[in-house]
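Structure at a glance
One letter stands for each residue in the lines below.
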Amino acid sequence: MKIELISAVTVIVLLATLHSMAQKSLGEATKGEFLFGVAVNMNQVKGINPIETELISKEFSAIVPENCMKPQPIHPKKNRYYWKDADKLVTFGEKNNQAITGHCLIWHSQIGKWFFIDADGKDVSPEELKERMRQHISKVVGRYKGRIKGWDVVNEAFEDDGSYRKSKFYQILGKDFIKYAFQFAHEADPNAELYYNDYNVETPSKCDAIVELVKDLRTAGCRIDAVGSQSHMHMNLPTLDSTEASFKKLRDAGIHILITEWDISILPSPYEGANVSANFNYSKEMDPYRDGVPDVIQQKWNKRILDMFGLFLKYRDVVDRVTVWGLTDNSTWLNNFPIHGRKDYPMLFDRNNQRKPVVDEMIKLAEKFK
Ligand code: G3I
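Residue indices begin from 1 for each chain and proceed along its sequence in written order. Local features in this predicted model are restricted to residues whose pLDDT is 70 or higher, and side-chain atom pairs enter the listing and the counts only when it is 80 or higher, whereas totals over whole chains, interfaces and linings include all residues. Neither water nor hydrogens contribute to the side-chain values; these are computed over all heavy atoms in the structure.

The next subject is the packing of aromatic side chains. What counts as a ring pair is set by centres within 6.5 Å for rings of Phe, Tyr and Trp (its six-membered ring), and what kind of pair is set by the plane angle: stacked under 30 degrees, edge-to-face over 60, tilted for all other angles. Evaluation of the coordinates by the stated rule reveals 19 aromatic pairs. A ring pair is formed by Trp83 and Tyr144, whose centres lie 6.2 Å apart and whose planes are at 75°; its orientation type is edge-to-face. Taken as a pair, Trp83 in the loop between helix H5 (71-74) and helix H6 (84-95) and Tyr144 in the loop between helix H7 (126-143) and strand E4 (150-155) lie far apart in primary sequence, 61 residues in all. You can call Trp83 buried: its relative accessible area is 16%. Considering the side-chain rings of Phe169 and Phe177, the 5.5 Å spacing of their centres and the 20° angle between planes classify their relative orientation as stacked. This pair shows no difference in class: Phe169 is buried, exactly as Phe177 is. Ring pairing ties together the aromatic residues Phe34, Phe36, Phe60, Phe309 and Phe349, which thus form one cluster. A ring has a charge above it when a Lys NZ or an Arg CZ is no more than 6 Å from the ring centre and no more than 35 degrees off the ring normal. It is Arg351 that lies over the ring of Tyr345; its NZ or CZ is 4.8 Å from the centre. The side chain of Lys356 reaches across the aromatic face of Trp301, ending 4.5 Å from its centre. Numbering goes from the N terminus for both helices and strands, where a helix is a DSSP run of H or I of at least four residues and a strand is a run of E of at least two. Accessibility here uses a 1.4 Å probe with only protein chains present; expressed as a share of the type maximum, an area under 20% marks a residue as buried, one over 50% as exposed, and anything in between as partly exposed.

Take a look at the structure:
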């Protein structure tokens, strides 16, 4: 009896191994079309949850740090840098032979207040801010020179109406802070790709402003390789048409596209987008799926994922990378943004670290475009 049991278990393990080997990864399935990446947190990089770490290593051809390379975490004080996490992440990506994106050099959020104030607590001069930007960028980009495929040089510099966000960078330096950032990044690593990154790029007025920015940067002799469209989506917005219209506009302007932070929330949204300065209070009606997702909603979400993924594939001549902003429904930022303590289901892997069925449909779709 015992021998029969052992051989049955052996067979099951063997079948499971063969099945997982037969399962193509997203990175493999999209090879030759675009990179398929994931935003990773430090628990995953450190192997604190080995299943997630293994999934990230096997499923994706690119990674981006969710937080550890942002201005505040990596440069918390004027004369202090914190390299440990970023060093670990870069080594992790290299070990897995994954393209690594640096995120992000200049952003109005997650940046130390020291960046903008002098010893008396007053706004620094334009010259001083420019010098602080140069030091930050040359230190961070320089440290990983030749190891990072590309950098989100400036993140979220526009409002949805196409006007400049009145960040401290803009208030002190005007719109030229963007040009300076790209110049400093290029000086620090001439071979690195450089990107401008933003959310709601599907909004025509914002897309127009971004196209103009790219044209201005190119006229000024700056390197800019692509625009990152964060693609934080909801069940109804952005529409497929508005997304395609933005792709057409960018492609017609000779601009490559990165889908940099893709997720599709199934929860009711107090607003559409990912403006991190928004916030809202918890209520049960805004958190309707704590006990699971009704099949009709799941099917709608699956269709939304496949429709958008099909569009990315349709524009694979200019879409160079698709990155999901997190691995599982358990670790997504959306469980706590814009409303704290909800249960969202925006990712390709569920709370048990299992691939959702839609991933196999995505892989079949990618194969069709080969
Ligand atoms: O690391 C600290 C920890 O030491 C502290 O105990 C804890 C409690 O305060 O906070 C931890 O920092 C948090 C950080 O995530 C790391 O977990 C910050 O509070 C929290 O604000 C931060 O949230 C990140 C958010 O950007 C910040 O705006 C999210 O994880 C991250 O997914 C999100 O990502 C941004 C992109 O970078 C840019 N596009 C929008 C996107 C969503 O906001």
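Here the narrative resumes, following the displayed structure.
Around the ligand, 15 residues are found, and the nearest of them are Glu66, Lys70, His103, Glu261 and Trp325. In this structure, Asn67 approaches the ligand through a side-chain N or O atom, which is 3.0 Å from an oxygen atom. The contact in question runs from an oxygen atom of the ligand to an N or O atom on the side chain of Lys70, over 2.7 Å. Accessibility throughout is a Shrake-Rupley quantity obtained with a 1.4 Å probe, and a residue counts as covered only by protein chains that appear here. Protein contact buries 49% of the 790 Å² of open area that the ligand shows by itself. The criterion for a residue being near a molecule or strand is simple. One of its heavy atoms has to lie within 4 Å of it. The term polar contact refers here to a pair of N or O atoms within 3.5 Å; inside protein, the definition further demands a hydrogen-donor-capable atom paired with an acceptor-capable atom, and it admits residues adjacent in sequence only when both atoms are side-chain atoms.

Right, let's talk about the environment of Gln171 for a bit. As for its position among the elements, Gln171 is in helix H8 (residues 168-173). Residue classification places Gln171 among the partly exposed residues on the basis of a relative accessible area of 48%.

A few words on the pairing of strand E3 (residues 99-107). Within E3, nine of the nine residues are buried, leaving the element largely enclosed by the surrounding structure. Here, strands pair whenever DSSP counts at least two bridges between them. As defined by bridge partners, strand E2 (residues 62-65) adjoins E3 across two bridges and the pair is classed as parallel. In the strand pairing of E3, Ile63 is matched with Ile100. Across five bridges, the pairing between E3 and E4 is parallel. Looking at the pairing, Trp107 lines up with Asn155 of E4. With strands facing away from the observer, any crossover in which the path from the first strand over the helix to the second runs clockwise is taken as right-handed. This β-α-β element, E3 to H7 to E4, shows right-handed connectivity.

Defined by distance alone, a disulfide is two cysteine sulfur atoms within 2.5 Å. Taken as a whole and judged by the stated rule, the model has zero disulfides. Free cysteine: Cys68, not disulfide-bonded; nearest cysteine sulfur from Cys104 at 11 Å. Classification of Cys104 as buried rests on a relative accessible area of 0%.

On to the environment of Pro126, then. The topology assignment puts Pro126 in helix H7. For the pair formed by Pro126 and Leu334, sequence separation is 208 residues and the distance between their alpha carbons is 36 Å. Pairs of residues are marked as contacts when any of their non-hydrogen atoms sit within 4.5 Å. Those residues within four positions of Pro126 in sequence are excluded, and the remaining contacts are Ile172 and Leu173.

Let's shift gears to the pattern of salt bridges. Whenever Lys or Arg places a side-chain nitrogen within 4 Å of a carboxyl oxygen from Asp or Glu, that contact is recorded as a salt bridge. Evaluation of the coordinates by the stated rule reveals 23 salt bridges. Close ionic contact of Glu193 with Lys149 constitutes a salt bridge, the shortest N to O distance being 3.4 Å. Here Glu193 is found in strand E5 (residues 193-198), whereas its partner Lys149 is found in the loop between H7 and E4, with 44 residues between them in sequence. Residue classification places Glu193 among the partly exposed residues on the basis of a relative accessible area of 21%. Where salt bridges share partners, they join Glu59, Arg355 and Asp360 into one cluster.

Now for unusual backbone geometry. Glycine aside, negative phi is the norm for most residues, and most peptide bonds take the trans geometry. The amide bond that connects His103 to the next residue, Cys104, takes the cis arrangement and shows omega of -10°. Residue position: Cys104 is located in strand E3. In this model, Asn97 sits at a positive phi of 55°, which is unusual for a non-glycine residue. The backbone phi angle of Asn200 is positive, close to 55°, even though this residue is not glycine. Summarising the element assignment, Asn200 is placed in the loop between E5 and helix H10 (204-219).

This brings us to the side chain of Lys356. Summarising the element assignment, Lys356 is placed in the loop between strand E9 (319-324) and helix H13 (357-368). In this structure, Lys356 is in contact with Trp301, Asp329, Tyr345, Pro346, Met347, Leu348, Phe349 and Asp350, ignoring residues within four places of it in sequence.

With that settled, consider H6. Every α-helix carries 3.6 residues per turn, so stepping three or four residues along brings you back to the same face. Helix span is expected to be 1.5 Å times the residue number reduced by one. The terminal C-alpha atoms of H6 lie 17 Å apart, and with 12 residues this matches the ideal 16 Å at 1.5 Å per residue to within 8%. What H6 keeps buried is the set Asp85, Ala86, Leu89, Val90, Phe92 and Gly93. Along H6, the residues classed as buried sweep out an arc of 160° about the axis, all on the same side. Projecting away from the buried face of H6 at angles above 90 degrees are the exposed residues Lys84 and Lys95. Looking at the packing, one finds that the buried side of H6 touches strand E1 (35-40), helix H3 (42-45), helix H4 (50-59), E2, H5 and E3. At the C-terminal side of H6, Asn97 shows a positive phi close to 55°. What the arc describes is the spread of directions from the helix axis to the C-beta atoms.

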